[in-house]
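Fold and contact review
The residues making up each chain are set out below.
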Amino acid sequence: MTELLRYPLLATINSPDDLKELDTEQLILLATELRGFLLESLDRTGGHLSSGLGTIELTIALHKIFNAPNDKIIWDVGHQAYPHKILTGRARQMSSIRIRKGLSGFPKRSESPYDAFGVGHSSTSISAALGMAIAAKEAGLTRKSIAVIGDGAMTAGMAFEALNHAGDLGADLLVILNDNDMSISPNVGGLSNYFAKVLSGKFYSTVKSNSKKVLSTMPSVWELACRAEEHMKGMIIPGTLFEELGFNYIGPIDGHDLPTLLTTLKNIKELPGPQFLHIVTQKGKGFEAAEKEPTQYHAATPGFYSNKENNNKEHSQTTSENTENATAQYQTPATLTYTQVFSEWIVDAAAKHPQLIAITPAMREGSGLVAFSEQFSDRYYDVGIAEQHSVTLAAGMACEGLKPVVAIYSTFLQRAYDQLIHDVALQNLPVLFAIDRGGIVGADGATHTGSFDLSFMRCIPNMTIMAPADENECYHMLDFGFSLNTPAAIRYPRGKGPGTTINKQQATYLESGKAELVLDNRQNDTFKEPVPTIAILSFGGLLNEALDAAQELKDAYHIKVINMRFIKPLDNTLIIQQARASDLLITLEDNAVLGGAGSAVNEVLISQTATCPVINLGLPDYFPEHGSQQEIHHDYGLDCSGLVKTIKEKFPLSGT
Ligand SMILES: Cc1ncc(C[n+]2csc(CCOP(=O)(O)OP(=O)(O)O)c2C)c(N)n1
């Protein structure tokens, strides 16, 4: 780890204990070094950047004042926790972050005792911290539980459910709101406006200018808050909302002013009961490009710092969840990602259908809605990090004749399962779900993998579920799903497809529940003696792997490759036909084998008493590690080489 040599003070920090020895001046120097190291380190690996740059001072202050891992520090989402990783003994491993077998991009309990709670999905921190606070109380321990949550994550209902409960219990808990006025893109909603009012009010400037003076002369920030409140009678009183929920609200304070942060946290540490500290930070702090464009640098590509040129390149495999597809409108058709296909489709469809409404739970860039939001701003709804609300909102719209499209990541749709069942499917409402990041997602790892959507959707009545094998099919499936008068889901993977050009003039023929035989190498009639007949039933984007495997084995096996297209309704007739005519069925999907599309095939075979050996290929019954999509698919035998191996193992070639 050569770059650590350039940061001599940081190089001495092997655990938070080493911080405890430093005085405030040294801690300020440490902040500068930490910022430099983070930039240099991510310049090599890529990864979440802007949020971590904004939490440098907070991280140092927390580890100076509190005693982790005994005190529990819980980072919401966890994308801002790289500085925490660096200060808790992992600086030398930063070169491996988000890379296979390297550090996770998020806090992970199995990685370090300092990672108090595993995260990746947002807005869980307050609930988890409250749980830990209750556990400490039950055990008679005096340790602290601290949740650090962004203003974006604070828009989720779950955060308020936890605040409501914590305030009521009077639990010993500190919630730190890291307010940078940004989610991945600018934050939305009434709460965001409320924070903006607090910050623009006279109160903030008064407190800001007086804070150091007051904090040094007064025993506790509690008194500061009380005095300021009295002072401000008749004006906006910051934190009223949180006070009403039972918290002692403190702030807002400047989250980059390390001495103030240290004094404030030291004072708060002595206060019992639910404490709420509001800090104001700048996303991307200290790196001018990120300060100006925090969304673009929410996650950065390797070379972003050393080689500015790289900033314009399309983001690579190591890029995080949000930015991969932000440049949709500038790509040529042959290089489109599935997200960009969706982006094109929704703009085209909106022009034709005035009732079309697009909804995103805070993922405008990642879901490919930038162009739509600019061209159809009156039909675009970013609801904040509120997946549950996004789905029921769509249901309400559909009741009244609108045609909502919910653009959502597979992993985040998990949050809205009841809404999908109870509010959409049960009422058979025409809501289209454009489900991105289905299957293995790569560097973001298990928290973001879309492993389960086919399993959890296919058991819901009234749903039509499709998975495209290429870009053109994706475009036309979206059209087909939108034309239905019932709930429909198109689920597509992260990244690029095989490179097919979208033919907008001629729609791909799609019939509900009909699969397509793509290849039958028997037609070549090259076999001199009887060979095993294998039908590969492929669901979604792995079709090309099956075609490649068929090509590789074309001289030794009779292989048919079927693009199943529909997970629901399934093409039962074709399945039975293939079972009767084959020596082996292989189902292939980028979804959990348990309960997935392959299981659906098994159910059909059992119900029709058709007997044929079946191998279900898909994601195994454990959570995947992070790594590139290719690496993980390879590990699970879902690529061409894995298929070839599976077939050869089942029917060994003579002489092998
Ligand atoms: C349930 C869920 N939905 C969406 C996301 C995607 N996501 C990751 S970070 C983020 C924005 C978080 O904003 P904020 O909490 O303000 O943190 P900041 O990056 O501004 O520090 C979003 C929407 C997620 N991680 N979890």
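Everything below is about the structure shown above.
What comes next concerns the included structure.

The rules behind each value
Residues numbered from 1 in each chain as written. Predicted model: local features only at pLDDT ≥ 70, side-chain atom pairs only at ≥ 80, totals over all residues. Heavy atoms only, no water. Helix = DSSP H or I, 4+ residues; strand = E, 2+ residues; numbered from the N terminus. Buried < 20%, exposed > 50% of the residue type's maximum accessible area, 1.4 Å probe, protein only. Contact = heavy atoms within 4.5 Å. Areas by Shrake-Rupley, 256 points an atom, 1.4 Å probe, with all protein chains shown as cover. Polar contact = N/O pair within 3.5 Å; in protein donor to acceptor, adjacent residues only side chain to side chain. Pairing = 2+ DSSP bridges. Axes fitted to C-alpha atoms, helices over the stretch in contact; angles between N-to-C directions. Phe/Tyr/Trp six-rings, centres within 6.5 Å; stacked < 30°, edge-to-face > 60°. Salt bridge = Lys/Arg side-chain N within 4 Å of Asp/Glu carboxyl O.

Remarks on the overall build of the protein chain
Helix and strand counts for the protein chain stand at 26 helices and 19 strands. Residue burial in the protein chain is summarised as follows: out of 656 residues, 61% are buried. For the protein chain, restricting intrachain contacts to residue pairs at least 6 apart in sequence, the fraction spanning at least 24 positions comes to 77%. Carbon and sulfur atoms provide 52% of the accessible area of the protein chain, an area that totals close to 25200 Å².

Here we look at the environment of Arg458
With respect to the helices and strands, Arg458 occurs in helix α20 (residues 453-458). According to the relative accessible area criterion, Arg458 is buried, its value standing at 15%. When the C-alpha positions of Arg458 and Ala600 are compared, they lie 8.4 Å apart, and in sequence the two are 142 residues distant. The residues touching Arg458, leaving out its near neighbours within four places in the chain, are Ile465, Ile567, Lys568, Gly595, Gly596, Ser599, Ala600 and Glu603. There is a polar contact of 2.7 Å between the side chain of Arg458 and the side chain of Glu603.

Remarks on the sheet that holds strand β6 (residues 274-280)
The five strands are arranged β2-β3-β4-β6-β5 in an open sheet whose pairing can be described as parallel. For this open sheet the edge positions go to β2 (72-75) and β5 (248-254), each flanked by a neighbour on one side alone. Within this sheet the neighbouring strands show an average axis-to-axis angle of 20°, counted without direction. Of the pairings in the sheet, the one linking strand β3 (residues 145-150) to strand β4 (residues 173-179) comprises five bridges and is parallel in character. The partner of Val148 across the bridge, within β4, is Ile176. Relative to β3, helix α7 (residues 125-138) is tilted by about 175°, and along the sheet it contacts β2, β3 and β4.

A look at helix α23 (residues 572-581)
Of all the residues in α23, the buried ones are Leu574, Ile575, Ile576, Gln578 and Ala579. Among the structural elements, β15 (533-539), β16 (558-563), β18 (584-592) and α24 (597-607) are those in contact with the buried residues of α23.

Let's talk about the packing of aromatic side chains
The full count for this structure, using the stated rule, is 20 aromatic pairs. Where Tyr249 meets Phe276, the ring centres are 5.9 Å apart and the plane angle is 20°; that geometry is what we call stacked. In this pair, Tyr249 is assigned in strand β5 and Phe276 in strand β6, connecting sequence segments 27 residues apart. For Phe276, a relative accessible area of 0% puts it in the buried group. Ring geometry for Phe480 against Phe566: centres 5.9 Å apart, planes inclined by 85°, an arrangement best described as edge-to-face. Of this pair, Phe480 sits in helix α21 (residues 471-483) while Phe566 sits in strand β17 (residues 566-568); the two residues are 86 residues apart in sequence, bridging distant segments of the chain.

Focus on the sheet that holds β18
As summarised here, the arrangement of the five strands in space is β14-β16-β15-β18-β19, forming an open sheet in which the pairing is mixed. What marks the edges here is a single partner per strand, and that holds for β14 (516-520) and β19 (614-619). Taking each pair of neighbouring strands and ignoring which way they run, the sheet shows an average axis angle of 20°. Alignment of β14 against β16, held across four bridges, turns out to be antiparallel. Bridge pairing links Glu516 to Asn563 in β16.

Looking at the side chain of Asn180
Counting through the fold element by element, Asn180 comes out in the loop between β4 and α9 (190-200). Ignoring anything within four residues of it in the chain, the contact list for Asn180 reads Asp151, Thr281, Gln282 and Lys283.

A closer look at α24
Among all positions of α24, only Ala597, Gly598, Ser599, Ala600, Val601, Val604 and Leu605 are buried. In the core, the buried residues of α24 are packed alongside α20, β15, β17, α23, β18 and β19. Looking one or two residues past α24, Thr609 carries a phi angle of roughly 45°, positive in sign.

Points about the pattern of salt bridges
Per the counting criterion, the structure on display carries 20 salt bridges. Residue Asp635 is joined to Arg100 by a salt bridge in which the shortest nitrogen-to-oxygen separation is 2.9 Å. A residue pair is termed long-range when its members are at least 10 positions apart, and Asp635 in helix α25 (residues 629-635) and Arg100 in the loop between α6 (82-90) and α7 qualify at 535 residues. What makes Arg100 partly exposed here is its relative accessible area of 31%. Here Asp436 and Arg437 are joined by a salt bridge, their closest N and O atoms 3.1 Å apart. Of the two residues, Asp436 and Arg437, both sit in the buried class. Among the charged side chains, a network of salt bridges with common partners joins Lys85, Arg90, Glu111 and Asp115.

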